[in-house]
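# Architecture and fold: a report
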Amino acid sequence: GAGVSQSPSNKVTEKGKDVELRCDPISGHTALYWYRQRLGQGLEFLIYFQGNSAPDKSGLPSDRFSAERTGESVSTLTIQRTQQEDSAVYLCASSPAWGQGAGEQYFGPGTRLTVT
Amino acid sequence: AQSVSQHNHHVILSEAASLELGCNYSYGGTVNLFWYVQYPGQHLQLLLKYFSGDPLVKGIKGFEAEFIKSKFSFNLRKPSVQWSDTAEYFCAVSGNTGGFKTIFGAGTRLFVKA
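Only a predicted model underlies this, so the values are computations on that prediction, with no experimental measurement involved. (Residues numbered from 1 in each chain as written. Chains lettered and ligands numbered in written order. Predicted model: local features only at pLDDT ≥ 70, side-chain atom pairs only at ≥ 80, totals over all residues. Heavy atoms only, no water.)

Residues and elements named next belong to chain B. Locating Phe-100 in the fold gives a position in the loop between strand 10 (87–95) and strand 11 (103–104). Accessibility expressed as a relative area gives 14% for Phe-100, which makes it buried. Taking the C-alpha atoms as reference points, Phe-100 and Val-31, 69 residues apart in sequence, are found 8.5 Å from one another. (Helix = DSSP H or I, 4+ residues; strand = E, 2+ residues; numbered from the N terminus. Buried < 20%, exposed > 50% of the residue type's maximum accessible area, 1.4 Å probe, protein only.)

Next up, the structure:
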């Protein structure tokens, strides 16, 4: 079956503009995660969804960042008033289950965001 | 605070050399442990995982990792690396005290010389 898909694959935007990044998880996967990876750095946790509920939003860098998920389907990550430090690859992953003994994540190809 | 530390940022080995990548974590409660790999131009993918039971787990492509609870470590090993193992390797942990939020290490870039 299809894997996790993300769109767009690349996005160049001007500072101050809003951007919306999309993630389509693997069908039936309960959990969905968003990460940010800056050049040369590891994965920075942003937010996760269990179904369409987001129990932990503590990783969102500022109130310019928000995310939502429709049921156990598509998720969008929105960055308002983008800044140059938002430039990074934004990765989405999904997982078929949640909790102890679960959590193997399937990653999408990422969206490379460049803020000029 | 929950964290994962990978000791080596860059490792260069010749083919057939043995590999050990260090990973230590700080995460209370019961943990799930993972190693992910990202080959050049490809997505992150799972290499191996530990949930419970035998602390020595085997993954794909001859990799294995050992969970040592007393040392909060989950080091990755391979007896003999190949050029095709050139990739970036990430250690990750999740657990019940963190609501199963997954924390990733900064990654280790491995380059294997042919």
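Accessible area lost during the coming together of the parts is what is often quoted as the interface size. In this assembly, 19 residues from chain B lie in contact with 22 residues from chain A. At the boundary of chain B with chain A, the tally comes to 1 salt bridge. Among the salt bridges present, the one from Glu-104 of chain A reaches Lys-49 of chain B, with a minimum N-O distance of 2.8 Å. Between the two partners, chain B and chain A, sit 4 residue pairs in polar contact (both at pLDDT 80 or more). Elements represented by at least two residues in the side of chain B that touches chain A include exactly strand 5 (31–38) and strand 6 (44–50) of chain B. At 5 residues, strand 5 of chain B tops the list of elements feeding residues into the side of chain B that touches chain A. (Contact = heavy atoms within 4.5 Å. Salt bridge = Lys/Arg side-chain N within 4 Å of Asp/Glu carboxyl O. Polar contact = N/O pair within 3.5 Å; in protein donor to acceptor, adjacent residues only side chain to side chain.)

With that out of the way, let us pick up the state of the cysteines. As enumerated under the stated definition, the model contains 2 disulfides over all chains in all. In this model, Cys-23 of chain A is linked to Cys-92 of chain A through a disulfide, with the two sulfur atoms separated by 1.9 Å. The chirality of the disulfide connecting Cys-23 of chain A with Cys-92 of chain A is left-handed, given an S-S dihedral of about -65 degrees. Remark: Cys-92 of chain A occurs in strand 9 (residues 88–95) and Cys-23 of chain A occurs in strand 3 (residues 19–24); sequence separation between them is 69 residues. We note that Cys-23 of chain A, like Cys-92 of chain A, is buried. One disulfide in the model links Cys-23 of chain B with Cys-91 of chain B; its S-S distance is 1.9 Å. Taking the torsion about the S-S bond as the criterion, the Cys-23 of chain B to Cys-91 of chain B disulfide, at about -70 degrees, is left-handed. One end of the pair, Cys-23 of chain B, is in strand 4 (residues 23–26); the other, Cys-91 of chain B, is in strand 10, and 68 residues separate them in sequence. (Disulfide = S-S within 2.5 Å.)

The next subject is the layout of surface pockets. In this approach a probe as big as a water molecule rolls over the atoms, and the regions it shows empty are the leftover space. One number sums up the size of the largest pocket: a volume of about 620 Å³. If you go around the largest pocket, you meet 31 residues; those closest to its centre are Gln-37, Val-89 and Arg-112 of chain A together with Gln-38 and Arg-109 of chain B. Those elements that provide at least two residues to the lining of the largest pocket are strand 9 and strand 11 (111–115) of chain A together with strand 10 and strand 12 (108–113) of chain B. The element contributing the most residues to the lining of the largest pocket is strand 11 of chain A, with 4 residues. Looking at the lining of the largest pocket residue by residue, the classes come out as 12 nonpolar, 15 polar and 4 charged. (1 Å grid on protein atoms, 1.4 Å probe; cavity = no way out; pocket = protein on both sides within 12 Å on 5 of 7 lines; lining within 4 Å. Points joined across faces, edges and corners; volume = space filled by probe spheres on them. Nonpolar A, V, L, I, M, F, W, Y, C, P; charged D, E, K, R; others polar.)

With the rule as written, the count across this model stands at 15 aromatic pairs over all chains. Note on Phe-45 of chain A and Tyr-48 of chain A: the rings are 6.0 Å apart at their centroids and 50 degrees apart in plane angle, and the pair reads as tilted. The residues Phe-45 of chain A and Tyr-48 of chain A share a single accessibility class, namely buried. With centroids separated by 5.6 Å and ring planes inclined at 85 degrees, the aromatic side chains of Phe-107 of chain A and Tyr-36 of chain B adopt a geometry described as edge-to-face. Taken together, the residues span two chains, with Phe-107 of chain A in strand 10 (residues 106–107) and Tyr-36 of chain B in strand 5. The same class applies to Phe-107 of chain A as to Tyr-36 of chain B, namely buried. The structure contains a cluster of three or more aromatic residues connected by ring pairs, namely Tyr-33, Tyr-35, Phe-45, Tyr-48 and Phe-107 of chain A together with Phe-34, Tyr-36, Phe-51 and Phe-104 of chain B. (Phe/Tyr/Trp six-rings, centres within 6.5 Å; stacked < 30°, edge-to-face > 60°.)

The analysis is restricted to geometry; functional conclusions fall outside its scope.
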